[in-house]
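Each chain is listed here by its residues.
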2 protein chains.
Amino acid sequence: MSEAGIERRSGVALWRQIADQIRQGVGAGLSDESGRLPTELALAERFGVNRHTVRTAIQALVQEGVLRAEQGRGTFIERQPRLSYPIGPRTRFSEGLGGQARELRGNLLDHAYEEAPEAVAEALEIAPGAPVLRLDTMAEADGRPISRARSYFDAQRFRGFERHFARTGSITMAYRHFGVSDYLRRSTTISARHADSADLEILKLSPGAIVLVALGLNVDQAGRPLQFSETRFSADRVELQVGNTT
Amino acid sequence: MSEAGIERRSGVALWRQIADQIRQGVGAGLSDESGRLPTELALAERFGVNRHTVRTAIQALVQEGVLRAEQGRGTFIERQPRLSYPIGPRTRFSEGLGGQARELRGNLLDHAYEEAPEAVAEALEIAPGAPVLRLDTMAEADGRPISRARSYFDAQRFRGFERHFARTGSITMAYRHFGVSDYLRRSTTISARHADSADLEILKLSPGAIVLVALGLNVDQAGRPLQFSETRFSADRVELQVGNTT
DNA sequence: TCTAGTTGTCTAGAACAATAGACAAATCTG
DNA sequence: CAGATTTGTCTATTGTTCTAGACAACTAGA
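It should be emphasised that the depicted structure is a prediction, and the values quoted were computed from it without experimental measurement.

## Thoughts on the packing of aromatic side chains
The geometry of an aromatic ring pair is captured by the separation of the ring centres together with the interplanar angle, meaning the angle of the planes.
Residues and elements named next belong to chain A.
Phase 1 of the analysis: Enumeration over the complete set of coordinates arrives at 20 aromatic pairs over all chains.
Phase 2 of the analysis: Grouping aromatic residues by their ring pairs yields a cluster made of F153, F158, F161, Y175, F178 and Y183.
Phase 3 of the analysis: Sitting over the ring of Y113, R159 keeps its end group 4.8 Å from the ring centre.

Next up, the structure:
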């Protein structure tokens, strides 16, 4: 389904196009079993560019942690398969990735009490401008940044939520302190875009990287909105799974 | 959550980054009610670049049909909001976009009877190497390419499927000829990546564009696998909707 | 009609990307 | 060890992108 097509004068540097293709090819059969990439010269011929251009692409991928170059030996793939993140009525971060990573951690980056922007107020079914708690978080699996999120809560109902989250690192746990023993994911809207500069910094991505953007609304058992959030996943590290697996 | 962040020396030309941001901003509140973009000079200051760089970006978007520039008046948005594509147990292309576009069409690009690749065989629960029908299709809404898909069917059960699809332009209709009156989407796996050259050509995208990739498995009422497919959506034109809207 | 504000066009130079060639340094094989 | 293969570093040149400034062409409002 893919092809080694390189466009000149397209506004995207050749080395970046090649880097993107190699990054993709790492999943498919670009390398042999040993995880060894073709030589720089072979890649240069294949893409129809100079060896130095290929080198620039490889250096960028080494920087990203996708490849590892060894002088005299060759260039090798640093295997790190995508985590599969399930999305459904019972979407929960910590349980979702269970078993796929050894260490999962949610970190609180920032929080503030603010007036609800229009879209937030509508989703939470409160008045525009009503006070909301904004929570900026990020999550790591085995030390690799996986996602960052901005969540909004009704401030009247959840004042002090951030302290409970910071202590436990879990949204589910923090809810308990407010009498919410269970909740459901009512809807999720998924799109994708290029990472912005904050994404690059927080998720440790390189320019041009892609993020999956999931807008989600959680509701309590009575169907009342609890939390409206935008989560950004590094598209290189995560895929989203809708429905059961099998 | 987004920011006017422009990365220099990133391998992506400034004009292209700016074009991407403007294309995105067209959905959000980059323009006032009248659909008029800020002036070239204002945009140049906002992004911290020269006016000519902004002009290059705008020209690319005019070419794409996203903007329209009028000398002496300003630059205006050619409104085309993202289509929202619902994903759930009853995912069907034609119904999913109902109401959001006037004209929907599915086109058959190519088909062939082949031996099942490993991943396909596993998904369809048939023997590796067993004969399968591969169907390459693309879909347009109001003349704009929306998605392309590669689907696999068990050749023993669905021989001749491609003729019924080509005639009706509908998977659902084609199933009827094989006694399948209803089917369910068992699972969908969503990821995102840069468009490859075939994507660029078929979906009429510009280099560096993003595609949402959905791997889906349809099953019949008895739970037997019917169809395994990979669909690629232009991320600029489509978002995926999981769960109900309200 | 005049003026202010906007997009369109041109020229020239600076910064960056890509090519080309040569050779060093490390690794593996025989 | 000798030779072949591969990645690493350096220099020089060419082509593309970005900046800078000036002015033309068009529009809208006073």
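## Quick notes on the protein's contact with DNA strand C
Phase 1 of the analysis: Contacts to DNA strand C come from 24 residues, most closely from L14, W15, H52 and T53 of chain A together with R51 of chain B.
Phase 2 of the analysis: Restricting the count to atoms of DNA strand C within 4 Å of the protein gives a sugar and phosphate share of 68%.
Phase 3 of the analysis: Within the side chain of R51 of chain B, a nitrogen or oxygen atom sits 2.7 Å from a base nitrogen of DNA strand C.
Phase 4 of the analysis: In the environment of DNA strand C, a base nitrogen lies 3.3 Å from a nitrogen or oxygen atom belonging to the backbone of G72 of chain B.
Phase 5 of the analysis: Counting only elements with at least two residues in the surface near DNA strand C, the list comes to α1 (14-27) and α3 (51-64) of chain A together with α3 (51-64), β1 (67-70) and β2 (74-77) of chain B.

## Here's the deal with the environment of G48 of chain A
Residues and elements named next belong to chain A.
Phase 1 of the analysis: Along the chain, G48 falls in the loop between α2 (40-47) and α3.
Phase 2 of the analysis: Assessed through its relative accessible area of 47%, G48 is described here as partly exposed.
Phase 3 of the analysis: Once the C-alpha coordinates of G48 and I6 are considered, the two residues, 42 residues apart in sequence, prove to be 8.4 Å apart.

## What about the sheet that holds strand β10 (residues 238-243) of chain A?
Phase 1 of the analysis: An order of β3(A)-β10(A)-β7(B)-β8(B)-β9(B)-β6(B)-β5(B)-β4(B) is seen for the 8 strands of this open sheet, with the pairing classed as mixed. Lying at the two open borders of the sheet, with one neighbouring strand each, are β3 (83-87) of chain A together with β4 (104-115) of chain B. Averaged over all adjacent pairs, the angle separating strand axes in this sheet is 20 degrees, with direction ignored.
Phase 2 of the analysis: Where strand β5 (residues 131-141) of chain B lies against strand β6 (residues 144-154) of chain B, 10 bridges are found, and the strand directions are antiparallel. When the bridges of β6 of chain B are listed, L135 of chain B appears paired with S151 of chain B.
Phase 3 of the analysis: Most of the contacts of helix α7 (residues 161-168) of chain B go to β4 of chain B, to which it runs at about 170 degrees, and overall it touches β4, β5 and β6 of chain B.

## With respect to the side chain of R237 of chain B
Residues and elements named next belong to chain B.
Phase 1 of the analysis: Relative to the assigned elements, R237 resides in the loop between β9 (225-234) and β10 (238-243).
Phase 2 of the analysis: Residue class for R237 comes out buried when judged on its relative accessible area of 11%.
Phase 3 of the analysis: Within the structure, R237 has its side chain in polar contact with the backbone oxygen of L203 (distance 2.8 Å).
Phase 4 of the analysis: If we skip the residues at most four places from it in the chain, R237 touches R82, L83, R144, P145, I146, L203, K204 and L205.

## A short note on the protein's contact with DNA strand D
Phase 1 of the analysis: Near DNA strand D there are 24 residues, and of these Q71 of chain A together with L14, W15, H52 and T53 of chain B occur at the shortest range.
Phase 2 of the analysis: Backbone sugar and phosphate groups make up 67% of those atoms of DNA strand D lying within 4 Å of the protein.
Phase 3 of the analysis: At 3.1 Å, a backbone N or O of E40 of chain A approaches a phosphate oxygen of DNA strand D.
Phase 4 of the analysis: Contributions of two or more residues to the surface near DNA strand D are made by α3, β1 (67-70) and β2 (74-77) of chain A together with α1 (14-27) and α3 of chain B.
Phase 5 of the analysis: The dominant element in the surface near DNA strand D, judged by the number of residues it contributes, is α3 of chain A, at 3 residues.
Phase 6 of the analysis: Along the lines of polarity and charge, the residues of the surface near DNA strand D split into 5 nonpolar, 11 polar and 8 charged.

About the thresholds
Residues numbered from 1 in each chain as written. Chains lettered and ligands numbered in written order. Predicted model: local features only at pLDDT ≥ 70, side-chain atom pairs only at ≥ 80, totals over all residues. Heavy atoms only, no water. Phe/Tyr/Trp six-rings, centres within 6.5 Å; stacked < 30°, edge-to-face > 60°. Lys NZ or Arg CZ within 6 Å of the ring centre and 35° of its normal. Near = heavy atom within 4 Å. Polar contact = N/O pair within 3.5 Å; in protein donor to acceptor, adjacent residues only side chain to side chain. Helix = DSSP H or I, 4+ residues; strand = E, 2+ residues; numbered from the N terminus. Buried < 20%, exposed > 50% of the residue type's maximum accessible area, 1.4 Å probe, protein only. Pairing = 2+ DSSP bridges. Axes fitted to C-alpha atoms, helices over the stretch in contact; angles between N-to-C directions. Contact = heavy atoms within 4.5 Å. Nonpolar A, V, L, I, M, F, W, Y, C, P; charged D, E, K, R; others polar.

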